[in-house]
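Single-letter residue listing:
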Amino acid sequence: MDLGIAGRRAAVAAASRGLGFGAATALAAAGVRVAICARDRERVEAAARLLGDDAVPIAADVGSVGGARGFVEQAQAALGGIDILVTNAGGPPPGTFGTLDVEDYLAAIELNCLSVIAMCDAAVPGMRAQGWGRVVAITSIAVRQPIPYLILSNTARAGATGFLKTLAGEVAADGVTVNSLQPGLHDTDRVRALGEPDTSAIPAGTIGSAADFGAVVAFLCSEHARYLTGTAIPVDGGAYGGLL
Ligand code: NAD
């Protein structure tokens, strides 16, 4: 299917591997020029080579407001502007209410909520001015169904989702869509490090791949999805059990 976005310009955060790399791969395959970031320069350069000659690697840490904004600004400078923003970052450490301090929440909220706001703050005004834009945020199924021992992630990603929903309503009339994707279990380095995944509660019977996830990101960025905004969509093989 022609997604209708060949020649568009995308900034994909935290994308040297995993879901971010899957998103960047699918966008590049659709003819989009991509700028990707990760903290490690060598790794992000190696990933960009896999994406193609015109992919732009940027060494940036999106775990702070300044780093997140700086990534988008460097991507805009390298590509001559941004049409598509995919926000992403690593996840915060595990823990419970009893084991964590308030300071841990500050760091997690900066990593998984304020960084999303900062990237949008840098990218969305240009999208509104040109009358076309796509924002896709990678969050977690934890927004719908909080995951035990991940109280930091559960808290920060819920905040990001509230921001994104509100932003979507403010910018829809300018041709800018804003959606979030909520991954369930996907086969990435992060998940592999946790050991053999339990697929018994996944109706699809398997965990997803980064390519599966990237294909959904690319569709949300397509011309076909121009009337789809303000949504928060589980991508989890049917694992989430609620009606809404
Ligand atoms: P991953 O560890 O496989 O890849 C993470 C990528 O982000 C890497 O390229 C890494 O270099 C980069 N990165 C990490 N922290 C960064 C930072 N501060 N600044 C810049 N780059 C950074 O992880 P993944 O499995 O692809 O997960 C991506 C996001 O999705 C995470 O926030 C994770 O918590 C969330 N998530 C993943 C799953 C899953 O099943 N894989 C499920 C739910 C939520």
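Data block above holds the structure.
Residues numbered from 1 in each chain as written. Predicted model: local features only at pLDDT ≥ 70, side-chain atom pairs only at ≥ 80, totals over all residues. Heavy atoms only, no water.

For the chain, the count of helices and strands is seven helices and seven strands. N-terminal to C-terminal, the α/β element order of the chain is β-α-β-α-β-α-β-α-β-α-β-α-α-β. Since a compact globule built from 244 residues should have a radius of gyration of about 18 Å, the 17 Å found for the chain is in line with a globular shape. If one aligns the C-alpha atoms of the chain with their principal axes, the spans along those axes are about 45 × 40 × 40 Å. When burial is assessed residue by residue, the chain has 48% of its 244 residues classed as buried. Considering only contacts in the chain between residues 6 or more positions apart, those separated by 24 or more positions represent 71%. Accessible area of the chain: about 11,300 Å², with a carbon and sulfur share of 56%. Across the chain, the mean location of the 17 positive side-chain charges is 5 Å away from that of the 23 negative side-chain charges. (Helix = DSSP H or I, 4+ residues; strand = E, 2+ residues; numbered from the N terminus. Rg over C-alpha atoms; globule rule 2.2 N^0.38 Å. Buried < 20%, exposed > 50% of the residue type's maximum accessible area, 1.4 Å probe, protein only. Contact = heavy atoms within 4.5 Å. Areas by Shrake-Rupley, 256 points an atom, 1.4 Å probe, with all protein chains shown as cover. Lys, Arg positive; Asp, Glu negative; His and termini not counted. Charge placed at Lys NZ, Arg CZ, Asp CG, Glu CD.)

Taken together, the neighbourhood of the ligand is formed by 28 residues, with Ser16, Asp61, Ala89, His186 and Thr188 sitting nearest. Put simply, the parts of the chain that give the shell around the ligand at least two residues each are helix 1 (18-29) and helix 6 (189-192). Counting residues per element, the shell around the ligand draws most heavily on helix 6, at three residues. Within the shell around the ligand, the residues separate by chemical class into eleven nonpolar, eleven polar and six charged. (Near = heavy atom within 4 Å. Nonpolar A, V, L, I, M, F, W, Y, C, P; charged D, E, K, R; others polar.)

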